[in-house]
Every structure is written in C-alpha cells, then in structure tokens.
Amino acid sequence: MKSGKVLLLFPSLYSLSNTFSSGLKKLGFEVTQYDFKNDIINWEKKINIQMFRLPFQARKRWNRYFMAKINKIQIQKFNKENPDIVIVYNNEMLLPETVKYFSKSANVVFFLGDNPFYTPTNDYFLHLLFQANLVISPDSFWTQQLKLMGLKNCTTEYFNTQHVILNNDENKNIEPHDLLFVGMSYVNSWGYKRALFLSQFADMDIRIHGNSAWYRWLDFFPDLKEKFILKGRYSHKYMALLHKNAKIYPFDINPGVLNGIHIRLFDCIEYGMLPLPEYRKDIKDIFEKEHLPIIYDYRKAGDIARYYLSNERERKELVNSLKIFVRKNYNPEVSLSRILNKIGKI
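Definitions and limits used
- Residues numbered from 1 in each chain as written.
- Predicted model: local features only at pLDDT ≥ 70, side-chain atom pairs only at ≥ 80, totals over all residues.
- Heavy atoms only, no water.
- Pairing = 2+ DSSP bridges.
- Helix = DSSP H or I, 4+ residues; strand = E, 2+ residues; numbered from the N terminus.
- Axes fitted to C-alpha atoms, helices over the stretch in contact; angles between N-to-C directions.
- Contact = heavy atoms within 4.5 Å.
- pLDDT = per-residue confidence, 0-100.
- Buried < 20%, exposed > 50% of the residue type's maximum accessible area, 1.4 Å probe, protein only.
- Lys, Arg positive; Asp, Glu negative; His and termini not counted.
- Salt bridge = Lys/Arg side-chain N within 4 Å of Asp/Glu carboxyl O.
- Patch = residues over 30% accessible without salt bridge, like charges linked within 9 Å, V, L, I, M, F, W, Y side chains within 5 Å.
- Areas by Shrake-Rupley, 256 points an atom, 1.4 Å probe, with all protein chains shown as cover.

(A) Here's a closer look at the sheet that holds strand 2 (residues 30-34). What the 6 strands build is an open sheet, ordered 2-1-3-4-5-6; its pairing is parallel. With one partner strand each, in any of the chains shown, strand 2 and strand 6 (154-156) form the two edges of the open sheet. Each strand axis lies, on average, 20 degrees off the axis of its neighbour in the sheet, ignoring direction. By the bridge criterion, 4 bridges tie strand 1 (residues 5-9) to strand 3 (residues 85-89) in an arrangement that is parallel. Following the sheet pairing, Val6 is matched in strand 3 by Ile85. Seen against the sheet, helix 4 (residues 96-103) touches strand 1, strand 3 and strand 4 (107-111) and runs at an angle of roughly 130 degrees to strand 4.

Shown next, in the form of structure tokens:
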C-alpha cells in the first residue's frame, strides 16, 4: 500500500467527512480535513445567503469577489499541506483554475453528495468534474448520465458511516419511540411528497424532527401535527441518541436521487434500527438478497412497519444480518480501497 497525504475539502458539519477521514487513516494515509466556511467572516456568509434577492449584475460582482476569496484560501491550504490526493465534497465553491492548479501535483477526486444537475451552488460544477482524476457518485443513474456526457472517470460507490459510540447511561436521556424521521421539508411539491409518505405512519408511535417548512404541509396531513418536532441543527451525538432509541426509520428519498441510496440507510443499520426506504434501483440491487424491506407503494408502507413492530425478534435478527453485510462490503476502508485502486494509490 502506498501511504501519502490526503486533503479533504468537506463541510465540517457532515458526518461523511469523519467517515472518509477514519477510513483513510486506517489505510495508512495522513489526513487533513478543511472547511473553507470556517475562514469566512460571518457578515460575508449572511450577505451571500441573501444575495439572490439582488439584481443580476450585483450578484455577478459579489460572486466574483466571494468565490475568488474562497479559492484563494483553499489554494493556501493546499500549498501548506502539499497533499497527494484532494477529495472534494460536491464542489466546495471551487473554480476551474483552482482544480487545474491542484492537479499539477495531486490527484483530484470529487464525491457527489447532491445531484450535479440540480445543485445551483456553483455554475462550474459539471465543468469541474471533467477535470477530476475520479468522480464518485452515490447513484448509478448519475454515473450513467455523466458517462453519457463523456466523463469516463466516474464510478458508483457507497460508504457505511463512522458512527458515534454511546454508553448505556446516555441512552436514558432520550424518550424511546417506535419510529423516527429526521429531515427537512420543502416549500414545493417535494415537501408534499415527504409529508404524504410519512402520513402512512401517522397512527403509530412516530416522531418527525424537521424544519419550519414542514408547517406548510401539516394542515394537509393533520394527523402528523402532534408527531412533529421543530428542530435546529442536531449534533452527531444527539442524532446517534435518537437513532439508538427507535426501532424503525421510514424514509422517502429526495427526487434528485434517481437510483441511489441515501446515507441515512447505513446510519440506521449501524445504530440498530431497521431502515424502511422507498424503492430505488440501487437499494434493490444491493440489498434485495439481504431481505431489506423496500416500499414499492406508499399505501402498503404502514403494514410493513406494523409487521416488524409486531415481530421484534425478526426485526433484530434482520438488522444484525444487515449490519454484518454492510460492515463487510461498505465499511469506509473497504469502499475507499476500491476508490484508491481506481486512481492507482494502492
């Protein structure tokens, strides 16, 4: 195995950053995690959030200034670390000339956390991918579409999560529930879809933790009102506690994910919950032989959940079996070994 230095350009709030870091360290690499937002002044962050309200020319001037600043500090970090590999989550506001600079001395890898065709944070997003040594996609359809466009250095890969270790005393601080869902809603039809999905479990012991956009849809599904909890940003530890104190996690999947697997599925398995996802091709292809229950019709979702709540032993045995399968095939060091092989680093 070739050791080396890796620079992770990942949002620090995302657990996936720790997942990549842990796996790479176990493979013998020296890892530095960096989030440019930690070096951006608060007033600049606030202005950038509201910039969409201004006329086009004002937005254009601001974007030129803001992205130049972000790329300058990321180049400074790159020069300080002198890595062999740079792994970027989505696009991290990089400019094409910055990626070209990185590529002079390092392999550049992009991990797609969002659909690159539906992510408006960076006008250069797709162009950046064509400059990469490798693009990792968590959706086989995204991979197919990118290859159709001529981007051949693209692969589909999934990663089990680096979970938080809890002691038994900590679990006592969280009220247990049969079902759990944690996630934002949307003010468009995606929000209605999510509320419709979770309404299938409204007569059960479920708690839904979400943002204020949920209020737009609760009048359409009044049975969810008493199940809803307005949340802020939860820590990784608190999320782990919520997962540890529930039995089943039903989840729909963002419509931008066409074939792929949401990382929450791996979270659930690792924390001992049974994930109950709506159908996606990659989920079926990978987990069908492992007997993971998949929702093909929202109207039947409640019956599936009730079955496993009534058969606790079967639920626990299935989760344990899924955990063995995931740890064997998708632990970070296993998945990352496949990635590193593709860029010739193992």
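Moving on, there is more to tell.
(B) Main features of the confidence of the model for the protein. Per-residue pLDDT for the protein has a mean of 91; in total, 94% of the residues score no lower than 70. Looking at the elements of the protein, mean pLDDT is at its lowest for helix 7 (residues 168-171), recorded as 62, and at its highest for helix 13 (residues 301-310), recorded as 98.

(C) Representation of the sheet that holds strand 10 (residues 246-251). Taken together, 5 strands build an open sheet; the order of strands is 9-8-7-10-11 and the sheet is parallel. Two strands bound the open sheet, and with one partner strand each, they are strand 9 (228-230) and strand 11 (274-277). Neighbour-to-neighbour, the strand axes of this sheet turn through a mean angle of 25 degrees, independent of strand direction. Here helix 8 (residues 189-198) sits on the sheet and contacts strand 7 (177-182), strand 8 (206-210), strand 10 and strand 11; the angle it forms with strand 10, its principal contact strand, is near 140 degrees.

(D) The environment of Ser103, seen in detail. Relative to the helices and strands, Ser103 is located in helix 4. Distance in space between the C-alpha atoms of Ser103 and Ile85 is 9.1 Å, their sequence separation being 18 residues. Those residues within four positions of Ser103 in sequence are excluded, and the remaining contacts are Val108 and Gln131.

(E) Molecular detail of the side chain of Lys323. Position of Lys323 among the secondary structure elements: in helix 14 (residues 312-330). Here Lys323 is buried and forms no salt bridge, its nearest opposite-charge partner Glu270 lying at an N-O distance of 5.1 Å. If we skip the residues at most four places from it in the chain, Lys323 touches Ile269, Glu270 and Gly272.

(F) Region of interest: the pattern of salt bridges. Counted under the stated rule, the structure contains 19 salt bridges. Measuring nitrogen to oxygen at the nearest pair gives 3.5 Å for the salt bridge that ties Glu81 to Lys77. Placement of both Glu81 and Lys77 in helix 3 (residues 56-81) is noted, with a separation of 4 residues, approximately one turn of the helix. One exposure class covers both Glu81 and Lys77, and it is buried. Among the ionic pairs, Asp205 bridges to Arg207, the shortest N-O distance being 3.8 Å.

(G) Broad picture of a nonpolar patch on the surface. A contiguous nonpolar surface patch, about 380 Å² in accessible area, is contributed by Ile41, Trp43, Ile47 and Tyr65. With respect to the secondary-structure elements, Tyr65 resides in helix 3. Judged by relative accessible area, which is 39%, Tyr65 ranks as partly exposed.

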